[in-house]
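# Summary of structural features
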Amino acid sequence: MSLDFSDPVAVARASAEAMWEKDLASRSLGMSLDGVGPGEATLSLTVTAGMTNGHKTCHGGYIFTLADSAFAFACNSHGELTVAASIAVDFLAPGRKDDLLTAQAHEVSKAGRTGLYDCEVTNQHGERIAVFRGRSHTMKGKPAF
């Protein structure tokens with residue numbers, strides 16, 4: 001069966017499957033790809049003891065990485081190779097050992113080869129842990145898969 005490129009949901013899923021297979025960083029950290037659609041993606045991660053810092057909270061780098069991965073899947077969901085151009089993150093509350101962190105990224109704007117995406121990281125109680133904004137750049141003529 002061939003991929004119907006006029007179906008944005010099918011393109012998003014095919015892009016995610018191809019990326020997930022090659023994404024050793026996200027998989028090796030124990031992330032889960034929970035959902036993907038056109039311009040959106042949801043990933044989750046359980047905080048392990050090895051992810052905590054000297055304050056016994058989740059190191060911000062792991063929270064950032066989770067949000068960055070959700071951003072990557074969201075901005076590549078259109079089937080074109082897309083990379084980060086800039087990123088800003090604000091940490092709002094600590095993540096803790098055994099927390100299930102979920103990053104939900106969605107497209108705010110996509111014009112030409114530039115996209116803008118927001119991502120919110122929450123814990124299992126729905127408490128906001130971080131907010132993330134990423135700007136993407138789509139590589140002309142290069143498929144995501």
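What comes next concerns the included structure. (Residues numbered from 1 in each chain as written. Predicted model: local features only at pLDDT ≥ 70, side-chain atom pairs only at ≥ 80, totals over all residues. Heavy atoms only, no water.)

In this section: unusual backbone geometry. Positive phi is not limited to glycine here, since Lys56 has a value of about 65°. With respect to the helices and strands, Lys56 occurs in the loop between strand 2 (40–46) and helix 3 (60–75). Positive phi, normally seen in glycine, also occurs at Asp98, with a value near 75°. If you trace the backbone, Asp98 turns up in the loop between strand 3 (80–91) and strand 4 (100–111). (Helix = DSSP H or I, 4+ residues; strand = E, 2+ residues; numbered from the N terminus.)

With that settled, consider the pairing of strand 5 (residues 114–122). Of the pairings in the sheet, the one linking strand 4 to strand 5 comprises nine bridges and is antiparallel in character. By the bridge assignment for strand 5, Ala103 is matched with Val121. From the end of strand 4 to the start of strand 5, which pair antiparallel, there are two residues, and Gly112 there has a positive phi angle of about 65°. Two elements, strand 5 and strand 6 (residues 128–143), share nine bridges in a ladder whose sense is antiparallel. Bridged to Val121 within strand 6 is Ala130. Hairpin geometry of strand 5 and strand 6 is characterised by an intervening segment of five residues between the two adjacent antiparallel strands and by a positive phi of about 80° at Gly126. (Pairing = 2+ DSSP bridges.)

Using the criterion set out here, one finds three salt bridges in the structure. Across the pair Arg128 and Glu120 runs a salt bridge whose closest N-O atoms are separated by 2.6 Å. Using a relative accessible area of 29% as the deciding quantity, one classes Glu120 as partly exposed. (Salt bridge = Lys/Arg side-chain N within 4 Å of Asp/Glu carboxyl O. Buried < 20%, exposed > 50% of the residue type's maximum accessible area, 1.4 Å probe, protein only.)

Since the α-helix turns once every 3.6 residues, residues separated by three or four places project in the same direction. An ideal rise of 1.5 Å per residue puts 21 Å on 15 residues; helix 1 (residues 8–22) measures up with 21 Å between its terminal C-alpha atoms. Among the residues of helix 1, Val11, Ala12, Ala14, Ser15, Ala16, Ala18 and Met19 are the ones counted as buried. Buried residues along helix 1 sit in contact with strand 1 (32–37) and helix 3. Two to three positions downstream of the cap, the backbone nitrogen of Val9 sits 3.1 Å from a side-chain oxygen, assigning the N-cap of helix 1 to Asp7. (Expected span 1.5 Å × (residues − 1). Contact = heavy atoms within 4.5 Å. Polar contact = N/O pair within 3.5 Å; in protein donor to acceptor, adjacent residues only side chain to side chain.)

Bringing the pairing of strand 6 into the picture now. Bridge count between strand 3 and strand 6: ten bridges; the pairing is antiparallel. Its bridge partner lying in strand 6, Val83 is registered against His137.

In terms of nonpolar packing, the biggest core is built from 26 residues, with Leu43, Ile63, Leu66, Leu101, Cys119 and Val121 touching the most fellow members. Within the residue set of this core, elements represented by two or more residues are helix 1, strand 2, helix 3, strand 4, strand 5 and strand 6. It is helix 3 that contributes the most residues to this core, eight residues altogether. Not counting chain neighbours up to four residues away, the residues in contact with Val121 comprise Ile63, Leu66, Ala67, Leu101, Thr102, Ala103, Glu127, Arg128, Ile129 and Ala130. (Core = buried A, V, L, I, M, F, W, Y, C linked by side-chain atoms within 4.5 Å.)

We now examine helix 3. Given a rise of 1.5 Å per residue, 16 residues ought to cover 22 Å, and the 22 Å separating the end C-alpha atoms of helix 3 matches this to within 8%. Taken together, the buried positions of helix 3 are occupied by Ile63, Leu66, Ala67, Ser69, Ala70, Phe71, Phe73, Ala74 and Cys75.

Moving on: the sheet that holds strand 1. Strands sit in the order 1-2-4-5-6-3 across an open sheet of six strands; the sheet is antiparallel. Of all the strands in the sheet, the pair left with one neighbour each is strand 1 and strand 3. In this sheet, adjacent strand axes meet at a mean angle of 20° when their direction is disregarded. On the sheet, helix 3 packs against strand 1, strand 2, strand 3, strand 4, strand 5 and strand 6 and is oriented at approximately 150° with respect to strand 2. (Axes fitted to C-alpha atoms, helices over the stretch in contact; angles between N-to-C directions.)

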